[in-house]
Amino acid sequence: MFPTRRAALVVALAAPALVRPAAAQTAAAPAPAIAQAPGWYRFRVGGFTVTTVFDGYNRRPVEGLVRNTPLPEVQATLAESFLPTATYDGPYTVTFVDTGRLLIAFDAGTGGQLTPTAGLLAANMAAAGLDPARVGLVIVTHCHQDHIHGLTTRDGTAVFPNAEIAIAEPEFAWWTEAGNETRSPEGQRGNFANVTRRFAPYQGRIRRFAPGAEVSPGIQSLAAFGHTPGHCIFRVADGGDQVMVLADTTHRPELFARRPGMQSLFEFDAPAAEATRRRVLDMVATDRIRVIGYHFPFPAAGFIARDGEGYRYVRADWS
Ligand SMILES: [Zn+2]
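Model, not experiment: these values are computed from the prediction.

Enquirer: Can you walk me through unusual backbone geometry in this structure?
Expert: Most peptide bonds take the trans form, and the phi angle of most residues other than glycine is negative. Across the junction of Phe 298 and Pro 299, the peptide omega takes the value 15 degrees, indicating a cis bond. In this structure, Pro 299 sits in the loop between strand S12 (290-292) and strand S13 (301-307). Of note in this structure, Asp 107 is not a glycine but carries a positive phi near 70 degrees. On the secondary structure map, Asp 107 appears in the loop between strand S4 (103-106) and helix H4 (121-127). Even without a glycine there, the phi angle at Ala 247 is positive, about 50 degrees. Mapped onto the elements, Ala 247 comes out in the loop between strand S11 (241-245) and helix H8 (253-256).

Enquirer: Got a minute to help me understand helix H6 (residues 169-176) in this structure?
Expert: Listed in full, the buried residues belonging to H6 are Glu 171, Phe 172, Trp 174 and Trp 175. Down the axis, H6 shows its buried residues gathered within 160 degrees of arc, on one side only. Check the buried side of H6 and you find it contacts strand S6 (164-168), helix H7 (190-199) and strand S7 (206-209).

Enquirer: Any chance you could explain the packing of aromatic side chains here in plain terms?
Expert: Any two aromatic rings considered together are summarised by their centre-to-centre distance and by the angle between their planes. Here the structure, examined in full by the defined rule, presents twelve aromatic pairs. Judged by centre distance (5.9 Å) and plane angle (90 degrees), the ring pair of Trp 175 and Phe 268 falls under edge-to-face. With Trp 175 in helix H6 and Phe 268 in the loop between H8 and helix H9 (270-286), the pair connects residues that are 93 residues apart, well separated along the chain. Judged by relative accessible area, which is 1%, Trp 175 ranks as buried. Judged by its relative accessible area of 17%, Phe 268 falls in the buried class. An angle of 80 degrees between the planes, with centres 5.6 Å apart, marks the rings of Phe 303 and Trp 318 as edge-to-face. With Phe 303 in strand S13 and Trp 318 in the segment after strand S14 (310-315), the pair connects residues that are 15 residues apart, well separated along the chain. Residue Phe 303 is classed as partly exposed on the basis of its relative accessible area of 29%. The ring of Trp 318 has Arg 290 lying over it, and the distance from NZ or CZ to the ring centre is 4.5 Å.

Enquirer: Would you take a moment to explain the nonpolar core for this structure?
Expert: Most often, soluble globular proteins have nonpolar side chains that are buried together. Phe 96, Val 135, Val 138, Leu 151, Phe 160 and Phe 199 are the most contacted members of the largest nonpolar core, which has 32 residues in total. If near-sequence neighbours (up to four positions away) are discounted, Phe 96 is found in contact with Thr 49, Val 50, Thr 51, Val 53, Leu 103, Ile 104, Ala 105, Leu 121, Met 125, Leu 130 and Val 135. In terms of nonpolar packing, the next biggest core, distinct from the first, is built from 24 residues, Phe 48, Ala 166, Phe 209 and Ala 316 among them.

Enquirer: Sorry if this is basic, but what is going on with the environment of Phe 160 here?
Expert: Residue position: Phe 160 is located in the loop between helix H5 (145-148) and S6. On the accessibility criterion, Phe 160 (1% relative accessible area) is buried. The spatial distance from the C-alpha of Phe 160 to the C-alpha of Ala 105 is 9.6 Å, given a sequence separation of 55 residues. Ignoring sequence-local partners within four residues, the contact set of Phe 160 consists of Ala 108, Met 125, Pro 132, Val 135, Val 138, Gly 150, Leu 151, Tyr 202 and Arg 205.

Enquirer: What's the story with the side chain of His 295 in this structure? I'm lost.
Expert: Its location among the elements puts His 295 in the loop between S12 and S13. Residue classification places His 295 among the buried positions, given a relative accessible area of 1%. Among the polar contacts listed, one links the side chain of His 295 to the backbone oxygen of Pro 91, at a separation of 2.9 Å. Reaching out from His 295, the side chain makes a polar contact with the side chain of Asp 146 at a distance of 3.2 Å.

What counts, and where the lines are drawn
- Residue positions are counted from 1 within each chain, in the order its sequence is given.
- With the structure being a predicted model, the display of local features is reserved for residues of pLDDT at least 70 and the display and counting of side-chain atom pairs for 80 or more, all residues being used for whole-chain, interface and lining totals.
- Hydrogens and waters are ignored; side-chain quantities use all the structure's heavy atoms.
- Per the convention used, a helix needs a DSSP run of H or I reaching at least four residues, while a strand needs a run of E reaching at least two, with both numbered from the N terminus.
- Accessibility here uses a 1.4 Å probe with only protein chains present; expressed as a share of the type maximum, an area under 20% marks a residue as buried, one over 50% as exposed, and anything in between as partly exposed.
- Taking the helix axis as origin, the arc is that swept by the directions to the C-beta atoms.
- Whether two residues touch is decided by their heavy atoms; if any such pair falls within 4.5 Å, the residues are in contact.
- Working definition: rings of Phe, Tyr and Trp (its six-membered ring) pair if their centres are within 6.5 Å, and the pair is stacked with planes under 30 degrees apart, edge-to-face with planes over 60 apart, and tilted otherwise.
- By definition here, charges over rings are those cases where NZ of Lys or CZ of Arg is within 6 Å of the ring centre and within 35 degrees of the ring normal.
- What is meant by a nonpolar core is a set of buried Ala, Val, Leu, Ile, Met, Phe, Trp, Tyr and Cys residues, joined one to another through side-chain atoms within 4.5 Å.
- N or O atoms closer than or at 3.5 Å make up a polar contact, with two conditions inside protein: a donor-capable atom paired with an acceptor-capable one, and, for residues adjacent in sequence, both atoms drawn from side chains.

Here you go:
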C-alpha cells in the first residue's frame, strides 16, 4: 500500500530530525562545479605573457576558518563584500608565465584530487592553449596540498613531463626531514607523505634556491615565511613592468587583506604569517604593484589598495 501525499507530508512534519541531517549532508558535499566559460585571463608584463588559469574552489564552513576573531566579526566582514556568511569558497588559480623562451607555472593546482569542486585546470589550460608538455619549469611557492597535488596524476605520473621543479630550500628541507613532523601543527602533518609522493616522478629535476635568489631570468623570489616555513612570493619583471605572485600571503582578500590581523586556519605559524602579510600588502599597495593571489577571486589578478585599517582588492581590468 502506498502512502498518500498527505500522509507522507505528515510523516515529514512529525519527523523533523529525519529532514535536517539530509539538508546538512547537502551542504557538506557540494555538487561538482558548474562549467563556466573557459577560466583563463591573459595580460602582458613587458615582453612576458601571463595567463591565470582557474582550477575551481573548495567550499567549507566559515566557522573555524579564522582562529583569532569571533565568528560574528568574520561574518560581518564577509557580508561587507556580499559573500555568504555560512560557507566560504576558497578559489584556486594557477599562474603561467611565458617568457618567450620558457613556459613557467606557479604551483600545480589540485589535479582533481582534492575536492569535487576543483580540477578544472587541465581543461582550462587546453582552452587557453597551454600544453602541460611545454611547461619547462614549475615554481612551487609552498607545499600545501592544494598547490602540489596537481604535480602528479592519481597513479603518480608527472603531469608536467618536461618540467624542472624549483622550490625554496627551507620549504623543501622542512617537509622532507621526517624529524620535523612532530614539530608541525597536527593539521599539516599529512604534507610530509604528500611531498614525497608528488615530487617522486621529478627526482633529479628538483632545483632548490635560496629565498631572494633569481629563480629564472626576470623571476625573483622573496622570502614570505609564516604560511609555511619556506613560503615564497615572486616578482615577475620584464621591460620595466612587473607583477607580484603573492601565493598564499593572504587567503581571500575580502577577509584577510580587508583585515590583515585575521589569522586563518591554514597558517603554519600564524603570527609570522600575519607579520609577512602586513609587510607584503604594505609594499604592493605603496608601490602600486600588480598582484596575483592563488586564492583571490578569478581572475585572481589586480591591485591591493589601502582602505581604512586594511586593504581592498581591486580586480584587474587589463585587456
Ligand atoms: Zn593555498
